[in-house]
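# Examining the three-dimensional arrangement
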Amino acid sequence: MTTTITDLDDFKALDPFFCIIEKGLDGIADGGHFFDLLAEVVIFDYIITTPGYPRRVEGRKAVAELYRPYGTMIVLDRCHDLAVHHDIKTGVVVLEYASEGRVVSTGAPYTNWYISVLTITDRKVTNGCKREVSLRRGGIHLAWLREPLSGRLCRECAAGSQS
């Protein structure tokens, strides 16, 4: 498989994540690999509880560089429970999914749930918001949409992009 991002072996630990996103966008966006689903100028806003994690990343190559070192920290065994919600009129796709794997440094199990809100333009992801839905911290923190599938961003991402 050819892709615009080099050294795909660097991303092996995230293959289950890439596969579930590819599956969720099948028939909605074009691209053979996760990175090829993204527009060159894609913008991702992140609502992630990890300290120091960037709130915004701009560009396909920047997204790849953000994900490149993941295999030194976490290895995913599987992603599952995919739910896809697509508003054809606005081009907004909401993906809900879960992951399981292990923490590299300790071998401890890693599990998490996510919501990704993606805007598709010309069959490429042009904007995204990835929200961690964490049960590990004692409560569910959901990314509520401004309007059901008609807003471009979840409320927290929209607030973050205004600052």
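Parameters and conventions
- Residues numbered from 1 in each chain as written.
- Predicted model: local features only at pLDDT ≥ 70, side-chain atom pairs only at ≥ 80, totals over all residues.
- Heavy atoms only, no water.
- Salt bridge = Lys/Arg side-chain N within 4 Å of Asp/Glu carboxyl O.
- Helix = DSSP H or I, 4+ residues; strand = E, 2+ residues; numbered from the N terminus.
- Buried < 20%, exposed > 50% of the residue type's maximum accessible area, 1.4 Å probe, protein only.
- Pairing = 2+ DSSP bridges.

Where side chains of opposite charge bring their charged atoms close, a pairing between them can arise. Evaluation of the coordinates by the stated rule reveals eight salt bridges. Between E40 and R60 there is a salt bridge; the shortest N-O distance is 2.8 Å. Residue E40 is located in strand 1 (residues 38–47), and its partner R60 is located in helix 3 (residues 60–67); the two are separated by 20 residues in the primary sequence. Its relative accessible area of 42% is what places E40 among the partly exposed residues. Notably, a salt bridge pairs R78 with E100, separated by 3.1 Å at the nearest N-O pair. You can see R78 sitting in strand 3 (residues 74–87) and its partner E100 sitting in strand 4 (residues 92–103), a full 22 residues away along the chain.

What follows is about the pairing of strand 4. Examined bridge by bridge, strand 3 and strand 4 share eleven bridges and lie antiparallel to one another. Following the sheet pairing, H80 is matched in strand 4 by A98. Between strand 3 and strand 4, which pair antiparallel in sequence order, lie four residues; one of them, G91, sits at a positive phi of approximately 80°. Sheet topology places strand 4 next to strand 5 (residues 109–121); eleven bridges connect them, and they run antiparallel. From the neighbouring strand, Y97 faces strand 5, where its bridge partner is Y114.

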